[in-house]
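# Notes for the structure review
Chain by chain, the residues:
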Amino acid sequence: MSRTTPATLALDKAGVAYTLATYDYDPNAERVGLQAAEALGAPPSEVLKTLMVKADGKPACVVLASDREVSMKKLAAALGAKSAEMMKPADAERVTGYRVGGVSPFGQKKPAPTVIDAEAAALPQAFMNGGQRGLQVRLAPRELVRVLNAKVAAVAS
């Protein structure tokens with residue numbers, strides 16, 4: 001497995017301190033984020049998932065704990081949109097340049113507005129996808145806010 005991805009290159013360029021962790025990705029897992037948390041031996045609240053959505057038809061990214069669900073109503077409000085819906089996997093792969101299960105908020109092909117759930121943003125450290133299935137970066141979520149100019153909002157239901 002390559003430890004150099006567009007995500008890690010973006011983090012390096014931004015001067016973000018992070019560590020890498022790998023795990024055996026299970027493509028058949030019902031919930032990829034929870035499977036990652038279990039494989040890493042980390043609480044699900046500290047393993048963040050990256051979801052690609054469409055807000056008023058435009059791509060957006062949302063990051064929240066792997067054991068939480070996103071409220072599309074709250075997310076739309078945070079993005080100043082009337083509605084939000086999950087993006088189809090093929091569209092998410094085309095927009096980000098990553099394969100589903102390996103989507104990172106960092107280093108996306110076409111950067112999208114990003115929202116991080118307030119609970120996740122408050123963590124001192126958390127795991128996020130490193131841009132490849134089975135690769136996680138551990139960093140301070142505040143760095144996601146800084147590097148991506150992400151909006152912090154309570155979007156979990």
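What counts, and at which threshold
- Residues numbered from 1 in each chain as written.
- Predicted model: local features only at pLDDT ≥ 70, side-chain atom pairs only at ≥ 80, totals over all residues.
- Heavy atoms only, no water.
- Phe/Tyr/Trp six-rings, centres within 6.5 Å; stacked < 30°, edge-to-face > 60°.
- Lys NZ or Arg CZ within 6 Å of the ring centre and 35° of its normal.
- 1 Å grid on protein atoms, 1.4 Å probe; cavity = no way out; pocket = protein on both sides within 12 Å on 5 of 7 lines; lining within 4 Å.
- Points joined across faces, edges and corners; volume = space filled by probe spheres on them.
- Helix = DSSP H or I, 4+ residues; strand = E, 2+ residues; numbered from the N terminus.
- Nonpolar A, V, L, I, M, F, W, Y, C, P; charged D, E, K, R; others polar.
- Core = buried A, V, L, I, M, F, W, Y, C linked by side-chain atoms within 4.5 Å.
- Buried < 20%, exposed > 50% of the residue type's maximum accessible area, 1.4 Å probe, protein only.
- Contact = heavy atoms within 4.5 Å.
- Pairing = 2+ DSSP bridges.
- Axes fitted to C-alpha atoms, helices over the stretch in contact; angles between N-to-C directions.
- Arc of directions from axis to C-beta.

Evaluation of the coordinates by the stated rule reveals zero aromatic pairs. Sitting over the ring of Phe-127, Arg-138 keeps its end group 5.2 Å from the ring centre.

What follows covers the layout of surface pockets. Roughly 600 Å³ of internal volume is contained in the largest pocket. Along its surface, the largest pocket is lined by 28 residues, and Val-32, Lys-49, Thr-50, Leu-51 and Val-100 are the ones closest to its centre. Residue assignment for the lining of the largest pocket shows that the elements contributing at least two residues are helix H2 (32-40), strand E2 (48-55) and helix H4 (89-96). When residues of the lining of the largest pocket are assigned to their parent elements, the largest contribution, five residues, is made by E2. In the lining of the largest pocket, the residues fall into 17 nonpolar, seven polar and four charged.

Attention shifts here to the nonpolar core. Ranked by internal contacts, the top residues of the largest apolar core, which has 25 residues, are Leu-48, Met-52, Phe-106, Ile-116, Met-128, Leu-139 and Leu-144. At the level of secondary structure, the elements contributing two or more residues to this core comprise helix H1 (6-13), E2, strand E3 (58-65), H4, helix H5 (118-121), strand E6 (126-132) and strand E7 (135-139). When residues no more than four places from it in sequence are discounted, the contact partners of Met-52 are Ala-60, Cys-61, Met-86, Met-87, Ala-92, Val-95, Thr-96, Val-103, Gln-108 and Ala-112. Ala-60, Leu-64, Val-70 and Ala-76 belong to the second largest nonpolar core, which has 16 residues in total.

Moving on, we get to the sheet that holds E2. Pairing is mixed across the open sheet formed by five strands, whose spatial order is E4-E2-E3-E5-E8. The open sheet is flanked by strand E4 (84-86) and strand E8 (151-153), the only strands paired with a single partner. Averaged over all adjacent pairs, the angle separating strand axes in this sheet is 35°, with direction ignored. Both E3 and strand E5 (residues 114-117) contribute to a ladder of three bridges, which runs parallel. Bridging from a neighbouring strand, Val-62 pairs with Val-115 of E5. Running over the sheet, helix H6 (residues 141-148) touches E2, E3, E5 and E8 and is turned about 160° from E5.

Once that is clear, we can look at unusual backbone geometry. One non-glycine residue, Asp-56, lies in positive phi territory at about 50°. Locating Asp-56 in the fold gives a position in the loop between E2 and E3. By relative accessible area, which is 40% here, Asp-56 ends up partly exposed. Of note, Asn-149 is a non-glycine position whose phi angle comes to about 50°, a positive value. Relative to the helices and strands, Asn-149 resides in the loop between H6 and E8.

So, on to H4. Those residues of H4 lying buried are Ala-92, Val-95 and Thr-96. Looking straight down H4, one finds that the buried residues subtend no more than 85° of arc, so they occupy a single side. Where H4 is buried, its residues meet E2 and E3. Where H4 terminates, the next one or two residues include Gly-97, which has phi positive at roughly 85°.

The alternating pattern of E5 places Thr-114 and Ile-116 on one face and Val-115 and Asp-117 on the opposite face, and all of these are buried. Bridge count between E5 and E8: three bridges; the pairing is parallel. Paired with Ile-116 across the strands is Val-152, a residue of E8.

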